[in-house]
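If you want the building blocks of each chain, they are given just below.
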Amino acid sequence: MAGRPLDIAGQVAPVEHEMRSLAGRRERAAGSVAGLWGESLAILSAHSGPILALALFGFAGAGIVGQLVNTVLTFDSYARTGSFFSSFFSHLQAQYLAHAVCGAFTLALARGGVTWIALNHGARRRISFVAACRGAVERWPALLLASALYGALILAGIAALTVWLRELRVDPSNLGRISFDVTGISYAVTVRSIGALIPDPGSPFSELLNYARVLMRRSASAYTWLARQYGGGATSSAWLVGFAGIVWIVVVDALLRMRFAAIMGSADGGFLRAMSECVRIGVRRFGEVVTHAWLVRLAVFALSALFVIAPLTIAQGALVAWLVRTAGAFWPYPVSQLVFVVGSSLVLMVFAAFATVYDARQYLALREQSGKGPAGSAKC
């Protein structure tokens, strides 16, 4: 045996082939739906403290502050006038303004911080709330510009889609007072669920959209009439406008899906370079990005409809009305609204944090598959 020739090349080649095959399988698994879901849940569990703190600060805090402003103003108005509804619209304006101002700044920082944690998971770096905030603050101007760009473009698509949804009477602006019967509750849950399925443009565009829906509810079909009157021949059919809005939303969401990950993962955090990379990924891997994005959105939509929208709608239609009759006063309305907003915000912020982590991990997987290696991260 000692005198036999040793074929080293023949033994090394199968080993190298097996190692390449194993690396390829790991890479495909890391970029798969199951792999990304597993990674995202593991990161959410491993760094739950800083992630939930950032989520409370950026995803839930502005909404809670806005509702608190509304509640305080409502009780102040009651103390002066004896009515809970005398200044309803002025209180609503103050609520949306407070929400928009706070959310415009905190939302971008929170998404940047959560993305920083997701990108640096597994790296030799101490991950903490302070470090994540520092990383997001360093790139805050680019994060804010990315949020504004995405929000404005998505809002344009929602404006077109609203024309069609109002024709079908399933837009949130069609929803008035909820009647407590099977038909009324089912209709309210359906309309609110459809609204939850549409991508959120983020503050301050979400608050502008919500306030516009309130005005549309008061002016009946004025929005559809304006769209047809001044939009020309392209808006002569509501369904055509709605379809164009859907296509616009899907394309914009795919092209700008990785905007926060591209900013936090680039070497310098420059806005233009990060957006260029983000759009390039969206174009080259359009189908993959859309599939992952809408699978996450559908999962969040199902959980929200079952455990947030439906229970709160039933509670508004039954429990609050019973409390008003029992108390012989209208104070349960503003109190219950505050409780509902706080409770739903604390649940939905977890979903938003998971989606942010998922996008960051998919960004890393797509970079590794393209041969660029792991992304850089902000200095801290």
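Worth saying up front: this structure is predicted, and the values here are computed from it rather than measured. (Residues numbered from 1 in each chain as written. Predicted model: local features only at pLDDT ≥ 70, side-chain atom pairs only at ≥ 80, totals over all residues. Heavy atoms only, no water.)

Caption draft 1: Geometry of the overall build of the protein chain. Regarding its fold elements, the protein chain presents 14 helices and 0 strands. Written out in order from the N terminus, the α and β elements of the protein chain read α-α-α-α-α-α-α-α-α-α-α-α-α-α. A total of 380 residues make up the protein chain; the buried ones form 45% of that total. Look at the contacts in the protein chain between residues 6 or more apart in sequence, and 79% of them connect residues 24 or more apart. Just so you have it, the protein chain exposes about 19,100 Å², and 68% of that area is on carbon and sulfur atoms. (Helix = DSSP H or I, 4+ residues; strand = E, 2+ residues; numbered from the N terminus. Buried < 20%, exposed > 50% of the residue type's maximum accessible area, 1.4 Å probe, protein only. Contact = heavy atoms within 4.5 Å. Areas by Shrake-Rupley, 256 points an atom, 1.4 Å probe, with all protein chains shown as cover.)

Caption draft 2: Highlighting the side chain of T115. One can find T115 in helix 4 (residues 88-120). Those residues within four positions of T115 in sequence are excluded, and the remaining contacts are F260, A261, M264, T356 and A360.

Caption draft 3: Representation of helix 4 in the model. With 33 residues, helix 4 should cover 48 Å at 1.5 Å per step; its first-to-last C-alpha distance of 46 Å lies within 8% of that length. A bend of about 40° at G103 is the largest found in helix 4. Immediately beyond the C-terminal end of helix 4, within one or two residues, lies G122, with a positive phi of roughly 90°. (Expected span 1.5 Å × (residues − 1). Bend = angle between axes of the 7 residues up to and from the residue.)

Caption draft 4: Spatial organisation of the environment of W248. Here W248 lies in helix 10 (residues 238-255). W248 sits 90 residues away from I158 along the chain, and the two C-alpha atoms are 8.9 Å apart. Excluding its chain neighbours within four sequence positions, the residues that come into contact with W248 are L153, A156 and G157. There is a polar contact of 2.7 Å between the side chain of W248 and the backbone oxygen of L153. (Polar contact = N/O pair within 3.5 Å; in protein donor to acceptor, adjacent residues only side chain to side chain.)

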